[in-house]
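Architecture and fold: a report
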Amino acid sequence: METLVVDHPLVAHKLTTLRDVRTDSPTFRRLADELVTLLAYEATRDVRVTDVTVDTPLTPTHGVRLARPAPLVVPILRAGLGMLDGMTRLLPTAEVGFLGMIRDESTLKAQTYATRLPEDLSGRQCYVLDPMLATGGTLAAAINFLFDRGARDVTAICLLAAPEGIAYLDEAFRGGDRPIRVVTAALDERLNENGYIVPGLGDAGDRLYGVV
Ligand SMILES: O=P(O)(O)OC[C@H]1O[C@H](OP(=O)(O)OP(=O)(O)O)[C@H](O)[C@@H]1O
Ligand SMILES: O=c1cc[nH]c(=O)[nH]1
Ligand SMILES: [Mg+2]
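Model, not experiment: these values are computed from the prediction.

So, on to the site of ligand 2. Near ligand 2 you find Arg 103, Met 132, Ala 134, Gly 195, Tyr 196, Ile 197, Gly 202, Asp 203 and Ala 204, and these make up its full shell. One of the backbone nitrogen or oxygen atoms of Ile 197 is found 2.8 Å away from an oxygen atom of ligand 2. Within the backbone of Ala 204, a nitrogen or oxygen atom sits 2.9 Å from an oxygen atom of ligand 2. When the free accessible area of ligand 2 is taken as 240 Å², the share hidden by the protein chains comes to 88%. Classifying every residue of the shell around ligand 2 gives 5 nonpolar, 2 polar and 2 charged.

See below:
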């Protein structure tokens, strides 16, 4: 598994305000949206393209367009929804599938409450969106859903990741024949006793959408 921590002053600047406990929901939503676009620029570095010819006003020239089938973007509800617009702005031809997952806060195990994905993902490049990679249980389950349907490779875009979650994914998918990448704005210190990322930013879903 490959992990890329995007090292860029604009990313660090926006992440600092995102972490700030005084940042309100509207600002948090805007920053999450902006951050995902910056992370997506790096995350899509290997997106498949096909060669084309295009006519400029002066002459035909070579170019590329996104290959078919189009990539699939999969936000993990609820918090991952806050990253969808920022991603599709960069990849407008992508299709979108949905996974609804919630972590049981006493066992820290992920439960799936909604699945809306294409049946056949053979050969598809997939981009999973979830702001928080904590224990890694949620993302591992999501990646298994995609691989079970034939996805070719999976890139997860996370605003924050914990070392424990990276290690869990590395172990869970070791020796697999399909690539996995995690692109994140920061690799934080650790998980606390409640499974929250430290220093983190708290509960991403609650900060985006309120406590429900
Ligand atoms: O790596 P893990 O330990 O599995 O934890 C990470 C998950 O926890 C959060 O979702 P949550 O369960 O709070 O659901 P929500 O998006 O509805 O708030 C987060 O958005 C991830 O999906
Ligand atoms: O720190 C964390 C861990 C899991 N989910 C969150 O929203 N935040
Ligand atoms: Mg939550």
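Before going further, it helps to examine the site of ligand 1. In the vicinity of ligand 1 lie 16 residues, with Ala 79, Arg 103, Asp 130, Thr 135 and Thr 138 positioned nearest. Here Arg 78 contributes a side-chain N or O atom positioned 3.0 Å from an oxygen atom of ligand 1. Thr 135 places a polar side-chain atom, nitrogen or oxygen, 2.6 Å from an oxygen atom of ligand 1. Here ligand 1 is seated within the largest pocket. Listed by contribution, the elements that provide at least two residues to the shell around ligand 1 are strand S6 (98-103), strand S9 (132-133) and helix H4 (137-148). Sorting elements by how many residues they give to the shell around ligand 1 places S6 first, with 3 residues. The residue makeup of the shell around ligand 1, split by class, is 7 nonpolar, 5 polar and 4 charged.

Scoring rules and cut-offs
- Residues numbered from 1 in each chain as written.
- Chains lettered and ligands numbered in written order.
- Predicted model: local features only at pLDDT ≥ 70, side-chain atom pairs only at ≥ 80, totals over all residues.
- Heavy atoms only, no water.
- Near = heavy atom within 4 Å.
- Polar contact = N/O pair within 3.5 Å; in protein donor to acceptor, adjacent residues only side chain to side chain.
- Areas by Shrake-Rupley, 256 points an atom, 1.4 Å probe, with all protein chains shown as cover.
- Nonpolar A, V, L, I, M, F, W, Y, C, P; charged D, E, K, R; others polar.
- 1 Å grid on protein atoms, 1.4 Å probe; cavity = no way out; pocket = protein on both sides within 12 Å on 5 of 7 lines; lining within 4 Å.
- Sits in = over half its atoms within 2 Å of the grid points.
- Helix = DSSP H or I, 4+ residues; strand = E, 2+ residues; numbered from the N terminus.

Geometric values such as these leave the question of function open.
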